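Observations on the model geometry
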Amino acid sequence: MMEAAHKFNSILQEVPTKLLKRIPLRLVHGVPLRETIAENWRKVEQFQARPDDLLISSYPKAGTTWMQEIVDLINNGGDLVEARRAPTHVRFPFLEMVLPPPVPSGVDALAKAPSPRVIKTHLPIQLVPKSFWEQNCKVIYIARNPKDSVVSFYFFEKIFNLQPEPGQWEQYLQNFMDGKLSWGSWYQHVRGYWDKKDTHRMLYMFYEDIKENPAREIRKVMEFLEVDLSPDVLENIVHYTSFKAMKENPMANYSTYPDALLNKRIGTFMRKGEIGDWKNHFTVSQNKAFNEDYKRKMAGTTLTFRMEK
């Protein structure tokens, strides 16, 4: 795995800077995705899952990397050395990701990955390849409240040079409400998985719950993965998956990405990881309009979110 990590990162460093540019969105079955993903869609759609695959899904910036680290430490019995064998993007191929050549796409990387595979996706449930359901794969979905999600996504898109230019905050917030950002509507995303959680082998997790009581929530993941670990190991996993520990971990904080791809001069992949940071960015009028829109779009569901600690 370490050899694969070095190879991947060396290939990443070879990508011409001119290819690392903002990419427009294109609709795929009504969902806006980066144009490069859309061009590779046939391969994504025809992806062949294996019965022992684990899919970790979320809307962007909802705690995906956090859940990946939790799962990896559980699968490795809390072995920190093993969990730091390679950067996150090497340990967990991103299903629909397409980076400039010669970097392999997520689909191509997964084809060569040994089982059992842990796979990352941001796809809404209706775009998840059918083979995952045909193979009865386990799915862990992590959801985060929309206000913190949109703030985090905004600052991420500022530094990730393959995403569309985010522009001004006010318009970005409106685009989020209108479902015009990458991977589409947050509302449809979180509701889509929620509505299917009882008909698939799915564990639906909440970012805010993990922040509130990580030991309790990590235990749920252990039970879902059918792994039994001692209280001491669980305590270590809680420690090593804390925001502070992960932000300092080069195998989890994306610091190995080249600056031309992730502009670390103006921000970091792991920014704050707080609940309620949206209060520092929403105006009173924006919050009022958002609340009204949220109420309309979340009507008729039992799914609820906490916007504050």
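In case you missed it, the structure is sitting above this.
Throughout what follows, the structure given in this document is the object of discussion. (Residues numbered from 1 in each chain as written. Predicted model: local features only at pLDDT ≥ 70, side-chain atom pairs only at ≥ 80, totals over all residues. Heavy atoms only, no water.)

Remarks on the sheet that holds strand S5 (residues 138–143)
Strand pairing in a sheet relies on backbone hydrogen bonds. The paired strands run either parallel or antiparallel. The four strands lie next to each other as S4-S3-S5-S6, forming an open sheet whose pairing is parallel. The sheet is open, and its two edges are formed by strand S4 (118–121) and strand S6 (202–206), each paired on a single side. Neighbouring strand axes in the sheet, compared pairwise and without regard to direction, differ in orientation by 20° on average. Here strand S3 (residues 54–57) runs beside S4; their pairing, made up of four bridges, is parallel. Each residue of the ladder has a partner; that of Ser-57, found in S4, is Thr-121. (Pairing = 2+ DSSP bridges. Helix = DSSP H or I, 4+ residues; strand = E, 2+ residues; numbered from the N terminus. Axes fitted to C-alpha atoms, helices over the stretch in contact; angles between N-to-C directions.)

A short note on the nonpolar core
Of all hydrophobic cores here, the largest spans 59 residues; its most connected members are Tyr-204 and Phe-305. Aside from chain neighbours lying at most four places away, what touches Phe-305 is Ala-143, Arg-144, Asn-145, Pro-146, Trp-186, Val-190, Tyr-204, Phe-206, Glu-208, Tyr-294 and Met-298. Of all hydrophobic cores here, the second largest spans 28 residues; its members include Ile-56, Ile-210, Leu-225 and Leu-234. (Core = buried A, V, L, I, M, F, W, Y, C linked by side-chain atoms within 4.5 Å. Buried < 20%, exposed > 50% of the residue type's maximum accessible area, 1.4 Å probe, protein only. Contact = heavy atoms within 4.5 Å.)

Things to note about the pattern of salt bridges
With the rule as written, the count across this model stands at 18 salt bridges. Residue Glu-39 pairs with Arg-26 through a salt bridge whose shortest N-O separation is 3.5 Å. Highlighted residues: Glu-39 in helix H2 (residues 35–39) and Arg-26 in strand S1 (residues 25–28), separated in sequence by 13 residues. Accessibility expressed as a relative area gives 55% for Glu-39, which makes it exposed. Lys-138 is the partner of Glu-226 in a salt bridge, and the nearest nitrogen-oxygen pair spans 2.8 Å. (Salt bridge = Lys/Arg side-chain N within 4 Å of Asp/Glu carboxyl O.)

Notes on the side chain of Lys-147
Here Lys-147 lies in helix H9 (residues 146–159). Put simply, Lys-147 is tucked away with no salt bridge, and the nearest opposite charge, on Glu-308, sits 6.8 Å away. For Lys-147, the side chain forms a polar contact with the side chain of Asn-287, separated by 2.6 Å. (Lys, Arg positive; Asp, Glu negative; His and termini not counted. Polar contact = N/O pair within 3.5 Å; in protein donor to acceptor, adjacent residues only side chain to side chain.)

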